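Architecture and fold: a report
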Amino acid sequence: QVQVVESGGGLVQAGGSLRLSCAASGSIASTDAMGWYRQAPGKQRELVAAATSGGRLNYAESVKGRFTISRHNANNTVYLQMNTLKPEDTGVYYCNANVRRVGSSRYLQVWGQGTLVTVSS
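Here the structure is a predicted model, which means the values were calculated and not measured. (Residues numbered from 1 in each chain as written. Predicted model: local features only at pLDDT ≥ 70, side-chain atom pairs only at ≥ 80, totals over all residues. Heavy atoms only, no water.)

1. Considerations on the environment of tyrosine 59
Tracing the backbone through its elements, the reader meets tyrosine 59 in strand 6 (residues 57-59). Note on tyrosine 59: relative accessible area 18%, which makes it buried. Residues tyrosine 59 and tryptophan 36, spaced 23 residues apart in sequence, show a C-alpha to C-alpha distance of 9.5 Å. Those residues in contact with tyrosine 59 that sit more than four places away from it in its chain are Val48, Ala49, Lys64, Phe67, Thr68 and Ile69. Within the structure, tyrosine 59 has its side chain in polar contact with the backbone nitrogen of isoleucine 69 (distance 2.9 Å). (Helix = DSSP H or I, 4+ residues; strand = E, 2+ residues; numbered from the N terminus. Buried < 20%, exposed > 50% of the residue type's maximum accessible area, 1.4 Å probe, protein only. Contact = heavy atoms within 4.5 Å. Polar contact = N/O pair within 3.5 Å; in protein donor to acceptor, adjacent residues only side chain to side chain.)

Shown next as C-alpha cells:
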C-alpha cells in the first residue's frame with residue numbers, strides 16, 4: 001500500500017558528494033516527518049537528518065554544515081545532499097516516513113530498504 005524507496009547511494013572518495021533521494025508513495029492520506037538514518041557495521045542505527053511537515057529540520061552533530069535535508073512534492077519526497085563526505089559517513093542509509101494511510105486513523109513509520117554509501121579514504 002505504502003512504499004518508501006531510496007536511491008543515490010554509491011562509492012565516493014573522501015571529500016566527495018552524493019545526493020540521496022527518498023519517495024513515499026501509495027495510498028497516503030498524510031505524511032508527517034521524514035528523515036534519514038544510517039547504520040554502520042557494529043553500530044546502532046542513528047538519525048542523520050529529519051524534516052517535519054512544518055519545515056523544521058534536525059541534523060546529527062556529526063553532519064551539520066555538510067549535509068542538507070530538504071522536502072519536496074507535497075512532503076512525500078525528501079533529499080539528502082551530502083558534501084565533504086568522510087570515511088566515517090560510510091553505512092547503509094535508510095529513509096523513514098511517518099505516514100497515515102488512506103482509511104487509517106494512525107501514523108506508522110515506514111522504512112525504505114536502504115542504500116549503501118561507501119566513502120573511501
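More follows now that the structure is in view.
2. As for the pairing of strand 3 (residues 18-26)
Alignment of strand 1 (residues 2-7) against strand 3, held across six bridges, turns out to be antiparallel. Across the sheet, residue glutamine 3 finds its bridge partner in strand 3, namely serine 25. Across six bridges, strand 3 lies against strand 8 (residues 77-82) in antiparallel orientation. Along strand 8, the bridge assignment pairs serine 21 with tyrosine 79. (Pairing = 2+ DSSP bridges.)

3. Description of the packing of aromatic side chains
Enumeration over the complete set of coordinates arrives at one aromatic pair. Above the face of the tyrosine 79 ring, arginine 19 is positioned so that its terminal group lies 4.0 Å from the ring centre. The residue whose ring lies beneath arginine 45 is tyrosine 94, and the NZ or CZ to ring-centre distance is 3.7 Å. (Phe/Tyr/Trp six-rings, centres within 6.5 Å; stacked < 30°, edge-to-face > 60°. Lys NZ or Arg CZ within 6 Å of the ring centre and 35° of its normal.)

4. Quick notes on the pairing of strand 4 (residues 28-39)
Pairing analysis gives nine bridges linking strand 4 to strand 9 (residues 91-101), with the strands arranged antiparallel. Note on strand 9: the bridge partner recorded for serine 30 is arginine 100. Bridge count for strand 4 against strand 5 (residues 46-51) is five bridges, and the pairing is antiparallel. Looking at the pairing, tryptophan 36 lines up with alanine 49 of strand 5. Remark: six residues form the turn of the hairpin made by strand 4 and strand 5, two consecutive strands paired antiparallel; glycine 42 in that turn has positive phi of roughly 80°.

5. Remarks on the state of the cysteines
Per the stated rule, a full pass over the model turns up one disulfide. Residue pairing for cysteine 22: its cysteine sulfur links by disulfide to cysteine 95, the two sulfurs lying 1.9 Å apart. Across the disulfide from cysteine 22 to cysteine 95, rotation about the S-S bond amounts to roughly -80°, and the bridge is consequently left-handed. Separated by 73 residues along the polypeptide, cysteine 22 in strand 3 and cysteine 95 in strand 9 bring together distant segments of the chain. (Disulfide = S-S within 2.5 Å.)

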